[in-house]
Amino acid sequence: MKTLEFVRDEKKGRVTVPCADGPVSVTSKCAYCRHCTGIILGKRTAPAPQKEALDAIRSGRGSDDTLMNAAMMFNTLVRDGHAIACDDDANTGYAKLY
């Protein structure tokens, strides 16, 4: 498990992290990457909401709205966090979540 620190660009309002593919946007790539396990907030790690929502949908307990709410929650956690917890120890780069 590795920690990818946020690089914030206040002018553009972007947050990126250094990935094996180069700098990638947290909200458009990491949010939907299979390797993202959560957002680090201080000393704790909040699990990636999209993975939990996707698991709920696959088991029949969720809906499309659940996935949309999870994406908004991810953006809120990114705003408050400082890094991504990534399990891409092999350095393969971005892998689609779904």
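What counts, and at which threshold
- Residues numbered from 1 in each chain as written.
- Predicted model: local features only at pLDDT ≥ 70, side-chain atom pairs only at ≥ 80, totals over all residues.
- Heavy atoms only, no water.
- Disulfide = S-S within 2.5 Å.
- Salt bridge = Lys/Arg side-chain N within 4 Å of Asp/Glu carboxyl O.
- Buried < 20%, exposed > 50% of the residue type's maximum accessible area, 1.4 Å probe, protein only.
- 1 Å grid on protein atoms, 1.4 Å probe; cavity = no way out; pocket = protein on both sides within 12 Å on 5 of 7 lines; lining within 4 Å.
- Points joined across faces, edges and corners; volume = space filled by probe spheres on them.
- Nonpolar A, V, L, I, M, F, W, Y, C, P; charged D, E, K, R; others polar.
- Helix = DSSP H or I, 4+ residues; strand = E, 2+ residues; numbered from the N terminus.
- Expected span 1.5 Å × (residues − 1).
- Arc of directions from axis to C-beta.
- Contact = heavy atoms within 4.5 Å.
- Pairing = 2+ DSSP bridges.
- Axes fitted to C-alpha atoms, helices over the stretch in contact; angles between N-to-C directions.

## Considerations on the state of the cysteines
Then comes step 1: Throughout the structure, instances matching the rule amount to zero disulfides.
Then comes step 2: For the unlinked cysteine Cys 36, the closest cysteine sulfur is that of Cys 30, found at 5.9 Å.

## Topic: the pattern of salt bridges
Then comes step 1: If you walk through the whole model with that rule in mind, you get one salt bridge.
Then comes step 2: Between Asp 80 and Arg 79 there is a salt bridge, and its shortest N-O distance comes to 3.1 Å. The exposure classification of Asp 80 matches that of Arg 79, with both residues exposed.

## A word on empty space enclosed by the protein
Then comes step 1: Throughout the structure, instances matching the rule amount to one cavity of 30 Å³ or more.
Then comes step 2: Taken as a whole, the largest cavity encloses approximately 80 Å³ of empty space.
Then comes step 3: Lining the largest cavity are Leu 4, Cys 19, Val 24, Lys 29, Cys 30, Cys 33, Cys 36, Ile 84, Cys 86, Asp 88, Gly 93 and Tyr 94.
Then comes step 4: Grouping the constituent residues of the lining of the largest cavity by class yields nine nonpolar, one polar and two charged.

## Describing helix H2 (residues 64–80)
Then comes step 1: For H2, built from 17 residues, the straight-helix expectation of 24 Å at 1.5 Å per residue is met to within 8% by its first-to-last C-alpha distance of 25 Å.
Then comes step 2: Here H2 has its buried residues at Leu 67, Ala 70, Ala 71, Phe 74, Leu 77 and Val 78. Taken around the axis of H2, the buried residues stretch over an arc of 125°, which confines them to a single face. Projecting away from the buried face of H2 at angles above 90 degrees are the exposed residues Asp 65, Met 68, Arg 79 and Asp 80.
Then comes step 3: Contact partners of the buried residues in H2: strand S2 (7–9), strand S3 (14–19), strand S5 (36–41), strand S6 (44–47), helix H1 (49–58) and strand S7 (83–86).

## Considerations on the sheet that holds S5
Then comes step 1: If you trace the four strands from one edge of the open sheet to the other, you get S1-S7-S5-S6, paired in antiparallel fashion. This sheet does not close on itself; its edge strands, each paired only once, are strand S1 (2–5) and S6. Direction aside, the axes of adjacent strands within the sheet are offset by 35° on average.
Then comes step 2: In the sheet, S5 pairs with S7 via four bridges, with the strands oriented antiparallel. By the bridge assignment, Cys 36 is partnered in S7 with Cys 86.
Then comes step 3: The strands that H2 touches are S5, S6 and S7; relative to S5, the one it contacts most, it runs at about 45°.

## Focus on unusual backbone geometry
For residues other than glycine, phi is negative in most cases, and the peptide bonds are mostly trans.
Then comes step 1: The backbone phi angle of Asn 91 is positive, close to 60°, even though this residue is not glycine.
Then comes step 2: Overall, the relative accessible area of 48% leaves Asn 91 in the partly exposed class.

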